[in-house]
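Here are the chains, one letter per residue:
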Amino acid sequence: MPIVPDVPEHGGDQDEDRGAARPGGPAFRDEPTPAAQPYPAAPQKPEPMPEASQPAPAPQPAPQKKSAGRDLGAAIGVGVGLGVVIVASLFVVKAVFVGVIAVAVVVGLWELTKRLRERKGIRAPLVPLALGGAAMVVAGYVRGAEGAWVAMALTALAVLVWRMTEPPENYLRDVTAGLFAAFYVPFLATFVALMLTADDGPWRVLTFLLLTVVSDTGAYAVGWRFGRTKLAPRISPGKTREGLLGAVAFAMAAGALCMQFLIDDGAWWQGLLLGLAVAASATLGDLGESMIKRDLGIKDMGTLLPGHGGIMDRLDSLLPTAPVVWLLLVLFVGSG
């Protein structure tokens, strides 16, 4: 701050100096003798001015409430609509639900390959992936795990051959991305069709969907309200350790209820283990897709679902959770 000398108050040495310097009478004879006047008031100490090199700080914006970052109304509406379609097809005709899985797989592959081409120039062949992906889901439902593996092998072969029709530059990169897409989307989704083949298949699939949704909801609710410690800030800054604990608690509670009341010969303690596994796999799946999106420099895989992003943005936690739930249900209550 600039140094401003203090101005002494009336009296003291300054008043005496002023009195000594003040003339005692008129300088000229024709000047009237001035009346006695009080001394002028001492000037007030000026307010210190901010230094030129330090501009006044900009006003701080008022703190804002936490926001979900999406259109919550649209997200809820779309989620309810999807839930109605899934549940209706699941319990009316199993084959219809298999068709719903196949459609979701094809759309997810389209979103993934489109983003790879736009952001990285990777030309993963969509046609063999879409046909092979749908075939994988159907084969898994009709022929079981063996049929799914055969369809996966044929899809990989089709990707290798299809890419040969184009110039050889970046062939290895493109087919590698194609094989990754074939495994990541349709092959993992095939485990949902495998769950459906059991006698209580619709209830197994419903348990799988409920636990994954409840895990995501618990992570969001607890993390939004109590989240302080980042879980993986370089991958997904919004996720917190408190949110993970919420996912575990919600999923374990839902798992105990589902295994006790929805699954034939199930027990509540098995549901606790199932819920714990679902919370872990769903979180890892979400982080895995966040890693892909960060590498691609995008926020969402698509815009098909208002408030949600794309189909792949809804499948991120479901896909890696499907084989986990299928395996644990087989171990707990058999293949049915």
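Our subject is the structure that appears above.
All values derive from a computational prediction rather than experimental measurement.

Colleague: Quick one: what's the story with the overall build of the chain, residue by residue and with numbers?
Modeller: Helices and strands together make up the secondary structure of the chain, namely ten helices and two strands. A burial count over the chain gives 39% of its 336 residues as buried. Contacts in the chain between residues far apart in sequence, at least 24 positions, make up 71% of those at least 6 positions apart. Looking at the chain as shown, the accessible area adds up to about 19,600 Å², and 66% of this sits on carbon and sulfur atoms.

Colleague: Quick rundown of unusual backbone geometry? Include the residues and the values.
Modeller: Although it is not a glycine, N170 adopts a positive phi angle of roughly 65 degrees. Tracing the backbone through its elements, the reader meets N170 in the loop between α4 (126-163) and α5 (171-196). The phi dihedral of D265 is positive, around 65 degrees, even though this residue is not glycine. Note on placement: D265 falls in the loop between α7 (241-261) and α8 (268-296). For D265, a relative accessible area of 72% gives the class exposed.

Colleague: Give a description of the pattern of salt bridges that names residues and reports values.
Modeller: Within the structure shown, the criterion is met by eight salt bridges. For the salt bridge of D295 with K120, the shortest nitrogen-to-oxygen distance reads 3.3 Å. In this pair, D295 sits in helix α8 while K120 sits in helix α3 (residues 94-120), placing the two residues 175 residues apart along the sequence. Residue D174 pairs with R163 through a salt bridge whose shortest N-O separation is 2.8 Å. Of this pair, D174 sits in helix α5 while R163 sits in helix α4; the two residues are eleven residues apart in sequence, bridging distant segments of the chain.

Colleague: Quick one: what's the story with the nonpolar core, residue by residue and with numbers?
Modeller: One finds V192, M195, V205, F208 and L274 to be the most contacted residues of the largest nonpolar core, which totals 58 residues. Broken down by secondary-structure element, the contributors of at least two residues to this core are α3, α4, α5, α6 (201-226), α7, α8, α9 (311-315) and α10 (318-333). In this structure, V205 is in contact with L90, F97, V192, M195 and L196, ignoring residues within four places of it in sequence.

Colleague: A description of α3 should follow, citing residues and the corresponding values.
Modeller: Helical geometry note: an α-helix holds 3.6 residues per turn, so side chains three or four residues apart project in the same direction. Spanning 27 residues, α3 covers 39 Å between terminal C-alpha atoms, matching the ideal 39 Å at 1.5 Å per step. Buried within α3 we find F97, V98, I101, A102, V105, G108, L109, E111, L112, T113, R115 and L116. Count one or two residues on from α3 and you reach G121, which has phi positive near 70 degrees.

Colleague: For a nonpolar patch on the surface, give the residues involved together with the corresponding values.
Modeller: A surface patch of nonpolar side chains, about 490 Å² in accessible area, is lined by V150, L154, L157, V161 and M164. Here V161 lies in helix α4. For V161, a relative accessible area of 46% puts it in the partly exposed group.

Colleague: Residues and numbers for the environment of I235, please.
Modeller: Among the structural elements, I235 can be located in the loop between β1 (230-232) and β2 (236-240). Judged by its relative accessible area of 24%, I235 is partly exposed. Residues I235 and D286, spaced 51 residues apart in sequence, show a C-alpha to C-alpha distance of 10.0 Å.

Colleague: Could you give me a rundown of the pairing of β2, with the residues and numbers involved?
Modeller: Of the strand pairs in this sheet, β1 and β2 are connected by two bridges, and their pairing is antiparallel. Bridging from a neighbouring strand, K230 pairs with T240 of β2.

Colleague: Can you lay out the packing of aromatic side chains for me, pointing to particular residues and giving the numbers?
Modeller: Per the counting criterion, the structure on display carries seven aromatic pairs. Here W149 and F187 contribute two aromatic rings whose centre-to-centre distance is 4.7 Å and whose plane-to-plane angle is 55 degrees, an arrangement assigned as tilted. Of this pair, W149 sits in helix α4 while F187 sits in helix α5, placing them 38 residues apart in sequence. Residue classification places W149 among the exposed residues on the basis of a relative accessible area of 53%. Since its relative accessible area comes to 6%, F187 is described here as buried.

The rules behind these values
Residues numbered from 1 in each chain as written. Predicted model: local features only at pLDDT ≥ 70, side-chain atom pairs only at ≥ 80, totals over all residues. Heavy atoms only, no water. Helix = DSSP H or I, 4+ residues; strand = E, 2+ residues; numbered from the N terminus. Buried < 20%, exposed > 50% of the residue type's maximum accessible area, 1.4 Å probe, protein only. Contact = heavy atoms within 4.5 Å. Areas by Shrake-Rupley, 256 points an atom, 1.4 Å probe, with all protein chains shown as cover. Salt bridge = Lys/Arg side-chain N within 4 Å of Asp/Glu carboxyl O. Core = buried A, V, L, I, M, F, W, Y, C linked by side-chain atoms within 4.5 Å. Expected span 1.5 Å × (residues − 1). Patch = residues over 30% accessible without salt bridge, like charges linked within 9 Å, V, L, I, M, F, W, Y side chains within 5 Å. Pairing = 2+ DSSP bridges. Phe/Tyr/Trp six-rings, centres within 6.5 Å; stacked < 30°, edge-to-face > 60°.

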